Amino acid sequence: MSRVDHSEASSKFIEAKDHLEFHDRRLWDLRKKRDSESELLPEWEDLRSLASAIKEHTLSHLADYLEEFERNAKRNGAQVHWAKDAAEHNQIVFDIMSSNGASMLVKAKSMLTDECDMRPFLENRGIEVMETDLGERIQQLDDEPPSHIVVPAVHKLRGDVARVFSQTIGTDPDNNDVHYLAESQRQHTRPYFLRADAGMTGANFAVAETGTVVVCTNEGNADLSVNLPKLYIASIGIEKIIPRIEHLGVFVRMLSRSALGSPITQLTSHFRAPRDGTQMHVILVDNGRSERLGMADFWSSLKCIRCGACMNTCPVYRRSGGLSYGATYSGPIGVIIDPTFNLRKYSSLPFASTLNGSCTSVCPVKINIHEQIYKWREIIAKRHQLPFVKQQAMQIAGKVLSSPKLYRAAVETAGSSIDYLPRLMIYSRLNAWGRQREVPEAPPLTFRQWYLQNRGKK
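How each quantity is defined
Residues numbered from 1 in each chain as written. Predicted model: local features only at pLDDT ≥ 70, side-chain atom pairs only at ≥ 80, totals over all residues. Heavy atoms only, no water. Patch = residues over 30% accessible without salt bridge, like charges linked within 9 Å, V, L, I, M, F, W, Y side chains within 5 Å. Areas by Shrake-Rupley, 256 points an atom, 1.4 Å probe, with all protein chains shown as cover. Salt bridge = Lys/Arg side-chain N within 4 Å of Asp/Glu carboxyl O. Helix = DSSP H or I, 4+ residues; strand = E, 2+ residues; numbered from the N terminus. Buried < 20%, exposed > 50% of the residue type's maximum accessible area, 1.4 Å probe, protein only. Core = buried A, V, L, I, M, F, W, Y, C linked by side-chain atoms within 4.5 Å. Contact = heavy atoms within 4.5 Å. Axes fitted to C-alpha atoms, helices over the stretch in contact; angles between N-to-C directions. Nonpolar A, V, L, I, M, F, W, Y, C, P; charged D, E, K, R; others polar. Phe/Tyr/Trp six-rings, centres within 6.5 Å; stacked < 30°, edge-to-face > 60°. Lys NZ or Arg CZ within 6 Å of the ring centre and 35° of its normal. Domains from an automatic or database assignment.

It is worth spelling out a nonpolar patch on the surface at this point. A grouping of Leu 445, Phe 447, Trp 450, Tyr 451 and Leu 452 is seen on the molecular surface, where their side chains present a nonpolar patch of about 510 Å² in accessible area. Assignment of secondary structure puts Phe 447 in helix α23 (residues 447-454). Under the relative-accessibility criterion, Phe 447 is labelled exposed at 64%.

Here you go:
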């Protein structure tokens with residue numbers, strides 16, 4: 001399996017200046033709104049510490065809480081299934097639908113089902129799948145994966161959406177009014193809700209004490225997906241478990257504030273039991289999570305509540321776009337999660353970071369994201385998973401930086417030779433800096449030369 005070349009993929013996004021500027025501005029706006037909301041709560045840092053502690057406790061006793069959730073969910077009337085990987089998850093969904101004669105599925109946004117590539121699996125077996133979240137539906141119609149955990153189509157401008165909708169659901173290609181586009185999608189989707197055989201959601205949280213599936217949305221599509229069809233399926237990663245209903249208040253207060261800078265989502269829905277004459281199925285999915293839980297340096301990534309705050313603040317993500325990561329999870333959280341699925345394929349991602357630590361600072365459950373990024377770099381280097389060019393560059397840099405004389409000579413030579421070297425030598429594939437920017441002019445003196453002239457004799 002070929003490696004994801006984040007640098008090359010991001011260059012396509014960077015070339016589209018309007019998209020780049022909007023993407024950067026929109027996500028930074030979410031970051032600023034998050035800061036404003038958090039500052040309104042004097043107990044914000046206490047909430048972060050408490051949320052982190054709850055997650056750490058839960059992950060330390062995960063098997064017990066999963067079994068408690070299963071007992072209570074079954075007591076409520078739900079049917080509980082266990083999936084060790086994506087293949088098992090997809091097969092379980094297909095079997096549930098087949099046994100009920102269902103051929104049409106309406107689903108709310110779920111990163112887990114994207115992670116499992118569930119939609120193409122079902123579609124190849126004759127089941128129609130409708131994404132009902134607006135952003136996810138835009139991406140589905142454009143045959144693209146989501147580019148952000150919370151706002152899947154944030155990289156698109158209104159003109160892009162108008163183009164996609166005109167080509168797929170027959171809207172006016174010249175009308176890019178956001179209200180018109182949203183209403184058009186709403187009218188297009190409603191009939192699917194009414195004729196669907198089955199509905200599906202993911203879960204923001206699953207409460208062990210009550211066997212409850214909790215889903216937070218702003219569009220109401222999850223509630224329609226659950227309450228209109230007679231068959232409801234919830235796909236839940238095993239790390240989404242929390243022990244008690246009282247703990248839910250901690251996370252609900254933090255989730256939307258961290259994600260969108262709003263005090264709360266429009267709807268926080270609790271799905272606990274099937275209605276009379278209907279079925280409720282819950283699939284608890286591992287898909288590598290148990291293995292990650294055993295990784296001393298990376299287990300805490302399982303605390304993630306999928307708020308996307310780390311993505312909104314990351315200067316690399318904001319300027320490269322989520323699709324450039326080539327994975328379901330992008331941005332800083334993706335950088336530390338994706339290598340656990342396939343180290344070789346995602347070996348370039350930990351280098352798509354400035355290690356500025358902003359991701360860790362905004363994380364509502366205090367995951368040490370930037371430290372884990374650095375640790376992955378160490379592991380990738382030790383396992384010789386660096387691309388050849390980067391390996392050679394690191395070896396040369398190591399020799400130069402370990403020798404003061406060689407370093408001084410290199411700095412002085414580089415500064416004086418920029419004006420004389422052919423442009424082809426500077427702006428080549430070997431110089432990542434020169435791919436998107438001009439190399440700055442060298443100052444007349446290096447810092448050491450200036451210091452010796454001005455301070456060295458004092």
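Now, onward.
Ranked by internal contacts, the top residues of the largest apolar core, which has 58 residues, are Phe 205, Phe 251, Ile 333, Ile 336, Ile 367 and Ile 369. When residues of this core are assigned to their parent elements, the largest contribution, seven residues, is made by helix α12 (residues 245-260). Apart from residues lying up to four places away in sequence, Ile 369 is in contact with Cys 310, Pro 332, Ile 336, Cys 359, Thr 360 and Cys 363. Judged by nonpolar contacts, the second largest core, of 26 residues, contains Leu 62, Ala 108, Met 280 and Leu 284.

Looking now at the pattern of salt bridges. Scanning all chains against the criterion turns up 24 salt bridges. In this structure, Asp 24 and Arg 318 form a salt bridge, with 2.6 Å as the shortest nitrogen-oxygen distance. Of this pair, Asp 24 sits in helix α2 (residues 17-39) while Arg 318 sits in helix α15 (residues 315-320), placing them 294 residues apart in sequence. Across this residue pair, the class does not change: Asp 24 and Arg 318 are buried. The partner of Glu 128 in a salt bridge is Arg 195, with the nearest N and O atoms 3.5 Å apart. On the criterion of sequence distance, the pair formed by Glu 128 in strand β3 (residues 128-131) and Arg 195 in helix α10 (residues 178-195) is long-range, its members being 67 residues apart. Since its relative accessible area comes to 35%, Glu 128 is described here as partly exposed. A residue is classified by how much of its surface remains accessible, and Arg 195, at 46% relative accessible area, is partly exposed. The network of salt bridges with shared partners includes Glu 115, Glu 239, Arg 289 and Arg 306.

This part is about the environment of Leu 181. Topologically, Leu 181 is positioned in helix α10. Separated by 15 residues in sequence, Leu 181 and Ser 166 have C-alpha atoms that sit 9.8 Å apart. Contact partners of Leu 181, with chain neighbours within four places excluded, come to Arg 158, Val 161, Ala 162, Phe 165, Asn 175 and Asn 176.

Another aspect to go through is the packing of α2 against α12. Contact geometry for α2 and α12: axes closest at 6 Å, N-to-C directions at 145°. Every residue of α12 that contacts α2 at Leu 30, Lys 33, Arg 34 and Glu 37 is listed here: Arg 257, Ser 258, Ala 259 and Leu 260. The residue inventory of the contact of α2 with α12, partitioned by class, reads three nonpolar, one polar and four charged.

Examined against the element boundaries, Arg 34 turns out to sit in helix α2. For Arg 34, a relative accessible area of 7% gives the class buried. Beyond its immediate chain neighbours, meaning those up to four positions away, Arg 34 contacts Trp 44, Arg 257, Ser 258, Gly 261, Ser 361 and Val 362.

All right, on to the packing of aromatic side chains then. As enumerated under the stated definition, the model contains six aromatic pairs in all. When the ring of Tyr 232 is compared with that of Phe 271, the centres are 5.6 Å apart and the planes differ by 65°; the resulting orientation is edge-to-face. Of this pair, Tyr 232 sits in strand β7 (residues 231-237) while Phe 271 is found in strand β9 (residues 267-271), placing the two residues 39 residues apart along the sequence. Judged by relative accessible area, Tyr 232 falls into the buried class, the value being 4%. Aromatic rings pair up to connect Phe 447, Trp 450 and Tyr 451 into one cluster. Here Lys 55 stacks its cationic end above the ring of Phe 251, 5.9 Å away from the centre of that ring. Positioned over the ring face of Phe 121 is Arg 125, at 3.7 Å from the centre of the ring.

According to the domain assignment, the protein contains domain 1 (41-287) and domain 2 (391-455). The straight-line distance from the C-alpha centre of domain 1 to that of domain 2 is 50 Å.

It is worth spelling out unusual backbone geometry at this point. For Arg 306, which is not a glycine, the phi torsion comes out positive at approximately 60°. Within the secondary structure, Arg 306 is located in the loop between α13 (289-293) and α14 (309-313). Here Leu 355, not a glycine, exhibits a phi torsion of approximately 55°, which is positive. Position of Leu 355 among the secondary structure elements: in the loop between α16 (331-341) and α17 (358-362). Classification of Leu 355 by relative accessible area gives partly exposed; the value is 28%.

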